Amino acid sequence: MPEDIDVVIIGAGQAGLATSHELGRHGIEHVVLESTVPGSSWLGRWDSFTLVGPNHTVRLPGAPYAGADPSGFMSRTEIADHLQAYAGRLGRVREGVPVRALVPRERGGFDLRTDGDTVRSRLVVAATGAYQKPHVPPALAGLSREILCVDVQHYRNPGALPEGAVLVVGSGQSACQIAEELVLSGRDVVMACGRAPWFLRRVGDRDLFEWMLDTQFFEQTVDQLPSPAARHGANPQASGAGGGHDLHYRTLAALGVRLVGHLGDVDGHTARFAPDLPEIIAAGDAGFEFIGRLVVECCTRTGRPVPDIPEPGALDTTAPTEVDLRGFGAVVVAAGFRSRYTEWIDVPGLVDEQGFPVHVDGESTVAPDLHFVGVHFLRRRRSSLLFGVGDDAAATAQRIASRLAPT
C-alpha cells in the first residue's frame, strides 16, 4: 500500500533543509526525499569551485556559518559537508529516494512516484534547486563531433579536457571562473561573451557582498525587472577563489583570454559570433555604475564615508566574428540553467514561458497545495541564495501551517 505522509519536501539542498527546519518550528510532521545525498548539487560543481559570497553570508535558519573564517570562501565539499551536518540535525531526510513523477490526485493531494513505492501526500514542497538543467545554446548543435562539448555540470578541471584551445560560452560567474582557470593552466581561451554586470571584489574596507546586502539589490522583485526573461540574467562577475579577487572581462583580457561577441552559430569547425562585443562591455559597465550608485546611496543613508570607486579601465573591444575551431580541444558551456519541473510534474500550466513556476507567494496557482522554494526571484532576487532562502522557507512554512490549522 502507498505510504501516506501529510507534507513531503522534495530535495535536500539549502531550500529543502531550510523549509524542513521552519516546518519543524511549527510542529508540522514531514519528510524530505532526496535523490542522492544532501547538498549533492554543490558536489556536482567543478573541482576548484568556491562560494562567491563570503562564508558569513551562509545564513540558513538553524545552520548559519559558525567557523573560524567568516571572510573566506567555502569549497564545494565544505558547502556539502555543512548541508549534510544540517540534515543530520534535522533528522527528516530520506536519502537515495528520487521522485520520478508528481501527479495530483483527483480528490486533492499528490502521488509521488519513486524508484520504490508510491508516496501519497496532502501537501508538497518542490525544493529541487535553482540549478536544474544546464542551458546549452541551440547553435552548438552544429559543432563538429571531433570537438568535445561539455556543460558546466560536467566540467571538472583543465586536465580533464582534451589538449588544445578552449571556447568558453557564457558570461556569468561560472563562465568567468572557468575561463580564468583554463588560461592560467596555459590554455588558449576564446570566450563568447554575454551581458553581465560586474564590480570590484572590495571597495574601501568592505567586500562586494557586504555592500550589496546593505542595499536593496537583493530585495529586487520580478515586477522591478525590465522583463520576466531578466530572471535568467547573470549575477555580478566576481570570484571567491584564492581568498576572493576581482574577476571580469577586463581581468580576463589582461590574462590573455580572447573576448568575442555572442555565439551566433557553429558549422562544424567554424564558430560565428555577433559583432556586439562593444555593446556587451558597455552593458557590463552600466552594471558597474549601477552597483556603484547603490554603494554611494548606502553610505549617504548610513553615514559611512564614501569610498573611492575607480573608473573602469580601457578595453579593446575589437573582436573577430568568426573563429576556426580546428585545433580546439573543447567547448565549455556555462550559459546558465533552466528548470525541468515539467519533466516530472504532471500539471498543465505549471510554469510560465521562461520555465518558472506560476505561483502566488510560492504556491502553485494551478496545483493548490504544491509549493516551491529555492527558485530564482520566487519572492525576490535573494530567494534561492544561501542568505535569502531562509526567509522564503519561513514564509512557505507559515502558509502551510495556516493551511493545516484546524477550522
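Residues numbered from 1 in each chain as written. Predicted model: local features only at pLDDT ≥ 70, side-chain atom pairs only at ≥ 80, totals over all residues. Heavy atoms only, no water.

From N to C terminus, the protein includes eight helices and 23 strands. For 407 residues, the compact-globule estimate of 2.2 N^0.38 gives 22 Å, and the protein sits close to it at 22 Å. For the protein, the C-alpha atoms occupy an extent of roughly 65 × 60 × 40 Å along the three principal directions. For the protein, the residues scored as buried account for 52% of the 407 residues in total. Considering only contacts in the protein between residues 6 or more positions apart, those separated by 24 or more positions represent 69%. As displayed, the protein has an accessible area near 17,700 Å², and 49% of this comes from carbon and sulfur atoms. Computing the positive centroid from 37 side-chain charges and the negative centroid from 49, the protein places the two 4 Å apart. (Helix = DSSP H or I, 4+ residues; strand = E, 2+ residues; numbered from the N terminus. Rg over C-alpha atoms; globule rule 2.2 N^0.38 Å. Buried < 20%, exposed > 50% of the residue type's maximum accessible area, 1.4 Å probe, protein only. Contact = heavy atoms within 4.5 Å. Areas by Shrake-Rupley, 256 points an atom, 1.4 Å probe, with all protein chains shown as cover. Lys, Arg positive; Asp, Glu negative; His and termini not counted. Charge placed at Lys NZ, Arg CZ, Asp CG, Glu CD.)

What follows is about the pattern of salt bridges. For the coordinates displayed, the defined rule picks out 26 salt bridges. Of the charged contacts in the structure, one is a salt bridge between arginine 76 and aspartate 47, with a shortest N-O distance of 3.4 Å. With arginine 76 in helix H3 (residues 76-90) and aspartate 47 in the loop between helix H2 (40-43) and strand S3 (59-60), this pair connects stretches of sequence that are 29 residues apart. Here arginine 76 falls in the buried class, since its relative accessible area comes to 17%. With a closest N to O distance of 2.9 Å, aspartate 285 and arginine 250 form a salt bridge. Linking aspartate 285 in helix H7 (residues 277-302) with arginine 250 in helix H6 (residues 249-255), this pair joins segments that are 35 residues apart in sequence. Judged by its relative accessible area of 15%, aspartate 285 is buried. One continuous salt-bridge network, built from bridges that share partners, spans Glu219, Asp361, Glu363, Arg379, Arg380, Arg382, Asp391, Asp392 and Arg399. (Salt bridge = Lys/Arg side-chain N within 4 Å of Asp/Glu carboxyl O.)

Next up on the list: the side chain of glutamate 181. Inspection of the secondary structure puts glutamate 181 in helix H4 (residues 173-184). For the buried residue glutamate 181, which engages in no salt bridge, the nearest side chain bearing the opposite charge is arginine 76, 9.6 Å off. Sequence-distant contacts of glutamate 181, defined by excluding residues within four places in its chain, comprise Trp46, Ser48, Tyr155, Asn157 and Pro158.

With that settled, the discussion passes to the sheet that holds strand S11 (residues 165-169). Taken together, five strands build an open sheet; the order of strands is S10-S19-S11-S12-S15 and the sheet is parallel. Bordering the open sheet on either side are strand S10 (148-151) and strand S15 (258-260), each of which pairs with just one other strand. Mean inter-strand twist for the sheet, computed between neighbouring axes without regard to direction, equals 20°. Together, S11, strand S12 (189-192) and strand S19 (328-333) form the strand contacts of H4, whose direction differs from that of S12 by roughly 165°. (Pairing = 2+ DSSP bridges. Axes fitted to C-alpha atoms, helices over the stretch in contact; angles between N-to-C directions.)

For H3, which comprises 15 residues, the first-to-last C-alpha distance of 21 Å matches the rise-based estimate of 21 Å (1.5 Å per residue) to within 8%. Within H3 the residues assigned to the buried category are Arg76, Ile79, Ala80, His82, Leu83, Tyr86, Ala87 and Leu90. The arc that holds every buried residue of H3, seen down its axis, measures 155°, which confines them to one face. Exposed positions of H3 whose direction lies more than 90 degrees from the buried face are Gly88 and Arg89. Buried residues in H3 make contact with helix H1 (14-25), H2, S3, strand S4 (63-64) and strand S5 (93-94). One or two positions beyond H3, positive phi appears at glycine 91, with a value near 70°. (Expected span 1.5 Å × (residues − 1). Arc of directions from axis to C-beta.)

This next bit is on the packing of H1 against H3. The interhelical angle for the contact between H1 and H3, taken along N-to-C directions, is 25°, at an axis separation of 10 Å. One finds that H1 runs roughly parallel with respect to H3. The two elements H1 and H3 cross, and the hand of that crossing is left-handed. Residues Gln14, Leu17, Ala18, Ser20 and His21 of H1 form the contact with H3, whose own contacting residues are Leu83, Tyr86, Ala87 and Leu90. Residue composition of the contact of H1 with H3, by class: six nonpolar, three polar and no charged. (Parallel < 35°, antiparallel > 145°, perpendicular 65-115°, else oblique. Left-handed = near helix turned anticlockwise from the far one by under 90°. Nonpolar A, V, L, I, M, F, W, Y, C, P; charged D, E, K, R; others polar.)

If you walk across this open sheet you meet the three strands as S16-S17-S18, and the pairing is antiparallel. Where the open sheet ends on each side, the last strands, each with one partner, are strand S16 (263-267) and strand S18 (322-324). Across the sheet, the axes of successive neighbouring strands diverge by a mean angle of 20°, strand direction being ignored. Bridge count for strand S17 (residues 270-273) against S18 is three bridges, and the pairing is antiparallel. Residue threonine 270 lies in a different strand from S18, and its bridge partner there is aspartate 324.

Here we take up the pairing of S16. Summarising the sheet, S16 and S17 pair through four bridges and their orientation is antiparallel. Note on S17: the bridge partner recorded for aspartate 265 is arginine 272. The turn linking S16 back onto S17 is made up of two residues, and glycine 268 within it adopts a positive phi angle of 65°.

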